[in-house]
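Summary of the model geometry
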Amino acid sequence: MQFSESLINWYSINKRSLPWRETKDPYSIWLSEIILQQTQVKQGLPYYEAFLSEFPTVFQLASADESKVLKLWQGLGYYSRARNLHAAAKYIVNELNGRFPSTYKELLTLKGVGDYTASAIASICFNESAAVVDGNVYRVLSRYYGIDIPINSSKGTKEFKTLAQELIDKKDPANFNQAIMEFGAVQCKPHSPDCTICPFKDSCEAFNKNLINQLPVKIKSAKAKKKYFNFLVFISGDGKTILEKREGKGIWQNLYQFPLMETEAEMDFDAFKRQIEAHEFAKDMPFELSLYNEKSVVHKLSHQHLYTKFWIVNVESLKTEGVSIEKVDQFAVPILIGNFIEAFSF
DNA sequence: AAATCGGGGCT
DNA sequence: AGCCCAGATTT
C-alpha cells in the first residue's frame, strides 16, 4: 500500500469526531480553519460553536459590527484573524453576492487566507488537489523522509509544499489532507510519540535512524522582550472608569484597555505616584492612588513578556466621558485585562 | 529572511 | 524556561 493510501486508511479508523467534519459548507470550513490557525482543537472548539451559533451564515457575520466580532473572539489571540475574517465576510457578501470563492487561487484573495487555508478549503469543500502544509505536515514528512531542512526557512517551505503536493491523493484530496494533519496531531506527536504502534514504523526514516527527537528542524526565534505595563484603573465617585481603544500598530489592535503607561522598569508605589502627579491628567484633579498587585502579573506572549501592574486611581469625577463600570464587560479586551476585571469585580 | 501577532498547554 | 499549536502578514 502506498503512503497516501495507508494514511487515509489510518484516518478512517482513528479520526476524532469534530463538528467541522460533519459539513462541507465552505463558510463553516473557512471559519474553522481561521480559528484553528496556530490554535489547538481544544482551545478553538468553543469559539467555533459560538461563532456558528451567533453568525450561522456569512451574511450575518458580514452584517455584524466589528466590535461584536472582536468580543466573541476575546481570549483566542491573534486578533487580526477576527478583523480579517470580518472584512472577508463583507467582501464575499458585497462584492461576490455571497457566493463563496471555490478555487485555491480565488480563496487566496481573501484577507487572512494564505497558502494553508486556501488549500484546506479548496480540498475539503471543492475536491481540489491542493496540499496543506501545517505544523503537523511538516513534522510527519520531515520524520518519515528524514528531511532536516529547517521547516521555517524559505527553502524548507517550498520543499515541503512540493513534497506534499506530490503525495496528495488526487482522487481524495479532502481526506488525504485531513488524514496527514490528524496523523500528526494524534500519532506523530511533537513530544514522545508512541512509535511502537505506528503503522509507518518500518519505513519511517526518523524512527529507524533514531532521529525522532531531532526532527523536524526549526530555526529558533528571538527571545521575548520584557515590557513593563502600568494600567490606570480610574474609579470615579459616580461609578465610571476609562477604557481606551488601542489604535495603530502592535498588539491588540481595536481592543480596549485601561489607560496604559509603559515604563522602562518595574515601578514601585512612590516612583509611580511621582510620575503620574507630573502627568497631564493629574492637573487640578485630586486623586487617591493604590496598587492592586504588588507582584507584577507576567503575561507571556510569543514575542513579549508583559510585566503588568494595575493601579487604582480613585477620583471624584472624570474629565472625559468615561464608561459605566457595569458596562465594562461589554468591551472586547485582551485576556490580561479581562482577568483583572473578573478578579477585581469593582 | 526576519519580525510580528496571543494565549493555552505540555514537558 | 522552552516548545508547540489545522499560519498570515508586514517589515
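Chain A is annotated in an unreviewed UniProt entry as Adenine DNA glycosylase of Seonamhaeicola maritimus. Among the UniProt annotations of chain A, the heading Function (unreviewed entry) holds the following wording: "Adenine glycosylase active on G-A mispairs. MutY also corrects error-prone DNA synthesis past GO lesions which are due to the oxidatively damaged form of guanine: 7,8-dihydro-8-oxoguanine (8-oxo-dGTP)."

Moving on to the pattern of salt bridges. On inspection of all chains with the given rule, the structure shows seven salt bridges. Note that Glu-54 and Lys-68 form a salt bridge whose closest N and O atoms lie 2.7 Å from each other. Residue Glu-54 is located in helix H3 (residues 41–54), and its partner Lys-68 is located in helix H5 (residues 66–73); the two are separated by 14 residues in the primary sequence. Take Glu-54: its relative accessible area is 35%, and that puts it in the partly exposed class. Taking the shortest distance from any N to any O, the salt bridge between Lys-171 and Asp-169 comes out at 3.7 Å. Exposure remark for Asp-169: the relative accessible area of 15% places this residue in the buried category. Linked through salt bridges whose partners overlap, the residues forming this network are Arg-16, Arg-21 and Glu-182.

Looking down a regular strand, the side chains alternate between one sheet face and the other. Of the two faces of strand S6 (residues 287–291), only the one carrying Phe-287, Leu-289 and Leu-291 is buried; Glu-288 and Ser-290 on the other face are not. Here S6 runs beside strand S8 (residues 304–315); their pairing, made up of five bridges, is antiparallel. Its bridge partner lying in S8, Leu-291 is registered against Trp-311.

Bringing the side chain of Thr-308 into the picture now. Along the polypeptide, Thr-308 turns up in strand S8. In this structure Thr-308 comes out as buried when scored by relative accessible area, which is 0%. In terms of polar contacts, Thr-308 uses its side chain to reach the backbone carbonyl oxygen of Leu-306, at 3.4 Å. If we skip the residues at most four places from it in the chain, Thr-308 touches Phe-229, Phe-231, Asn-293, Ser-296, Val-297 and Leu-336.

With that settled, consider empty space enclosed by the protein. Enumeration according to the criterion identifies two cavities of 30 Å³ or more in this entry. Looking at the largest cavity, its volume works out to about 120 Å³. Considering the residues around the largest cavity, the lining is formed by 13 residues, among which Phe-183, Cys-188, Cys-198, Phe-200 and Cys-204 are closest to the centre. Take the lining of the largest cavity: its biggest share by element is three residues, from helix H9 (residues 135–144).

Core analysis: the biggest nonpolar cluster contains 57 residues, and Trp-30, Leu-61, Trp-73, Leu-85, Leu-107 and Phe-258 have the highest contact counts within it. When residues are assigned to domains, this core turns out to be shared by domain 1 (3–208) and domain 2 (225–344), each giving three or more. Beyond its immediate chain neighbours, meaning those up to four positions away, Leu-107 contacts Phe-100, Pro-101, Val-113, Ala-118, Ile-121 and Ala-122. Phe-3, Ala-131, Ile-151 and Cys-198 belong to the second largest nonpolar core, which has 34 residues in total.

Turning to the protein's contact with DNA strand C, a few remarks are in order. Taken together, the neighbourhood of DNA strand C is formed by 28 residues, with Gly-112, Gly-114, Thr-117, Arg-139 and Lys-300 sitting nearest. The contact atoms of DNA strand C, taken as those within 4 Å of the protein, divide so that sugar and phosphate hold 69%. Between DNA strand C and Gln-38, the relevant distance is 2.9 Å, taken from a phosphate oxygen to a main-chain nitrogen or oxygen of the residue. The separation between a sugar or linking oxygen of DNA strand C and a polar side-chain atom of Asp-134 is 2.9 Å. Of all the secondary-structure elements, those providing two or more residues to the surface near DNA strand C are helix H8 (115–126), H9 and helix H11 (173–186). The residue inventory of the surface near DNA strand C, partitioned by class, reads seven nonpolar, nine polar and twelve charged.

Definitions and limits used
- Residues numbered from 1 in each chain as written.
- Chains lettered and ligands numbered in written order.
- Predicted model: local features only at pLDDT ≥ 70, side-chain atom pairs only at ≥ 80, totals over all residues.
- Heavy atoms only, no water.
- UniProt positions renumbered as here; feature names shortened; annotations may be inferred.
- Salt bridge = Lys/Arg side-chain N within 4 Å of Asp/Glu carboxyl O.
- Helix = DSSP H or I, 4+ residues; strand = E, 2+ residues; numbered from the N terminus.
- Buried < 20%, exposed > 50% of the residue type's maximum accessible area, 1.4 Å probe, protein only.
- Pairing = 2+ DSSP bridges.
- Polar contact = N/O pair within 3.5 Å; in protein donor to acceptor, adjacent residues only side chain to side chain.
- Contact = heavy atoms within 4.5 Å.
- 1 Å grid on protein atoms, 1.4 Å probe; cavity = no way out; pocket = protein on both sides within 12 Å on 5 of 7 lines; lining within 4 Å.
- Points joined across faces, edges and corners; volume = space filled by probe spheres on them.
- Core = buried A, V, L, I, M, F, W, Y, C linked by side-chain atoms within 4.5 Å.
- Domains from an automatic or database assignment.
- Near = heavy atom within 4 Å.
- Nonpolar A, V, L, I, M, F, W, Y, C, P; charged D, E, K, R; others polar.

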